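Letter by letter, the chains look like this.
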Amino acid sequence: MVDHDVVEKASQNLTEVGFLNIPVDKKIDLHAEIRRLKKEKNVVLLAHYYQQPEIQDLADYVGDSLGLSQQAAQTDADIIAFAGVHFMAETAKILNPSKKVILPDLKAGCSLAESAPPDLFRNFIEAHPGHIVVTYINCSAEIKAMSDIICTSSNAEKIINSIPADRPIIFAPDKNLGHYIIKKTGRNLVLWDGACIVHEAFAIDKLLELHKQHPQAKIVAHPESEDHLLKVAHYVGSTTGMINFVKRDPATEFIIATEAGILHQMAKEVPYKSLIPAPSHEDNTCACSECAFMKMNTLEKLYLCLQYEKPEVVVPEEIRLKALIPIQRMLEISKG
Ligand code: 13P
Ligand code: SF4
C-alpha cells in the first residue's frame, strides 16, 4: 500500500535543479563540442524519435519509451543525457539512480503527465478499491509510485493481458490508448480522462481527404490518437512499431499519424518510400504535428547541459523506490 504522506512530501520536494539561460557563442561548432563532451565525460545520449533530427543524429541510441528505459537501465556510462521529455529522464533516474541524469530543458513536460496531478489521482484510486492500477509511462514519478504496473504503447496490450481476468483495472492517464486497449483485449478498464495534445490534433476529415488523393497509402497511427482515426489506420503501434511496420510492409506510400520528428528515422530506414505526415486541425500549410515539449530541447541547450552537467533530474529516494517496482514489473513482463 502506498504511504500517501511520503508521496505528498516528496512531490513537494521534486524540485528543478536550476535552468540554464546562458548565451552560446555562435562560432562554436555545436556538433563537434557535443561529441567531445560526450566522450570526455563518458555520457550516453539517449534520444526519442520526436527530437529534432540533429539531436537524433548525435545520439547513441534513438528509440521509443520502452527502448529508452531499457537502455537507461543497462548503461554503464557515468552520465545519461536524456533528449526527450521530463517523465522519460525521470524514469531513467528511477531505473539507474547511481547515474547523473541530465535533461537539456527541465520544462520539457508532457500533456499526458500533466493531466494526472497526484492528489486527484490518489482520490481516483481510493474511489476504485481493489483495482489494479496500470499506468502509461507518460506520467510523473509520484504517479508511478501509486501504480501497480507501468506500460508503454508497445506493451500495453501484453501488460493488460497479464492481469487475471477477474481483477478490475484502472488505466491512466491516456484515455485514447485506454479505449484502444479495451478494444484489443476486451477488458473493461476504468479510464482516467487524459490525452496527448499532439495526437488529438490530427484532423480525421483532412486525413480522409488526403487518403483519397493517395488511395494506395497505408495509414500508420500511434495509439494516443483518437478512436475515429485509429479505426481507419492500417497499423497502430508505438513509434518503434510504426517504423518497423513501414520497413516490412510492401506498400510504398504511408500516411504517418504521430509527431513529425519520427519522419527523420523513418526516412533513413526506407529512403525509397513516400512518407506523408497526417494533417492536423490547426495547420493547413506544413501538415505536421510537433510536440512543443519535445522540441524545447535544442542543440544549444544540449551543449550547455553537457558542459555544466545541468539541469539534473532528481527523484526523492522514497518515491524512486516505490516507482521502481511497477517499472520493473513492466520490464519483466516485456522480456518474454
Ligand atoms: P512511444 O513510446 O511510442 O515512443 O510514445 C511516446 C510518446 O510520448 C508518444 O507521444
Ligand atoms: Fe506527451 Fe504527446 Fe508530447 Fe508524447 S507527443 S511527449 S504524449 S505531449
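To start, this report covers the structure provided alongside it. (Residues numbered from 1 in each chain as written. Chains lettered and ligands numbered in written order. Predicted model: local features only at pLDDT ≥ 70, side-chain atom pairs only at ≥ 80, totals over all residues. Heavy atoms only, no water.)

### Observations regarding the sheet that holds strand β4 (residues 100-102)
The pairing of strands in a sheet happens through backbone hydrogen bonds and is either parallel or antiparallel. Rules: In this description, strands pair whenever DSSP reports at least two bridges between them. Secondary structure is summarised from DSSP: a helix means a run of H or I of at least four residues, a strand means a run of E of at least two, and numbering begins at the N terminus for each. Axes here refer to lines fitted to C-alpha atoms; in helices the fit is confined to the stretch in contact. Angles between the N-to-C directions go from 0 to 180 degrees.
With parallel pairing, the 4 strands of this open sheet are ordered in space as β2-β1-β3-β4. Whereas interior strands pair on both sides, the edge strands pair on one side only; in this sheet they are β2 (61-63) and β4. Going across the sheet, the axis of each strand differs from the next one's by a mean of 20°, ignoring polarity. Note: strand β1 (residues 43-48) against strand β3 (residues 79-83), 5 bridges, orientation parallel. Within β3, the residue paired with L46 across the bridge is F82.

### Looking at the packing of helix α4 (residues 65-74) against helix α5 (residues 86-95)
Quick note on the threshold: If you view the pair so one helix is near and one far, a crossing is left-handed when the near helix is turned anticlockwise from the far one by less than a right angle, and right-handed when it is turned clockwise. The contact definition used throughout considers only heavy atoms, calling two residues in contact when any of these lie within 4.5 Å.
Close contact between α4 and α5 brings their axes to 8 Å; oriented N to C, the two are set at 35°. The two elements α4 and α5 meet at a crossing, and its hand is right-handed. On α5, the residues touching S65, L68, S69, A72 and A73 of α4 are M88, T91, A92 and L95.

### Focus on the nonpolar core
Spelled out, the test is: Residues enter a nonpolar core if they are buried and are Ala, Val, Leu, Ile, Met, Phe, Trp, Tyr or Cys, with the set joined through side-chain atoms within 4.5 Å. Burial classes follow relative accessibility: with a 1.4 Å probe on protein chains only, a residue under 20% of its type's maximum area counts as buried, one over 50% as exposed, and anything between as partly exposed.
Of all hydrophobic cores here, the largest spans 105 residues; its most connected members are F82, V134, I256 and M330. Counting residues in hydrophobic clusters, the runner-up holds 11 residues, among them F124, I125, I170 and A172.

### Quick word on the pattern of salt bridges
Formally: For this document, the term salt bridge refers to a Lys or Arg side-chain nitrogen within 4 Å of an Asp or Glu carboxyl oxygen.
If you walk through the whole model with that rule in mind, you get 17 salt bridges. For D60, the salt bridge identified is with K38, shortest N-O distance 2.9 Å. Placement of the pair is D60 in the loop between α3 (53-58) and β2 and K38 in helix α2 (residues 30-40), with a sequence separation of 22 residues. For D60, a relative accessible area of 45% gives the class partly exposed. Put simply, K183 and D227 hold a salt bridge, and the shortest N to O gap is 2.9 Å. Note that K183 is positioned in helix α10 (residues 175-185) and D227 in helix α12 (residues 227-232), a separation of 44 residues in sequence. K183 gets classed as exposed once you look at its relative accessible area, which sits at 51%. Overall, the relative accessible area of 32% leaves D227 in the partly exposed class.

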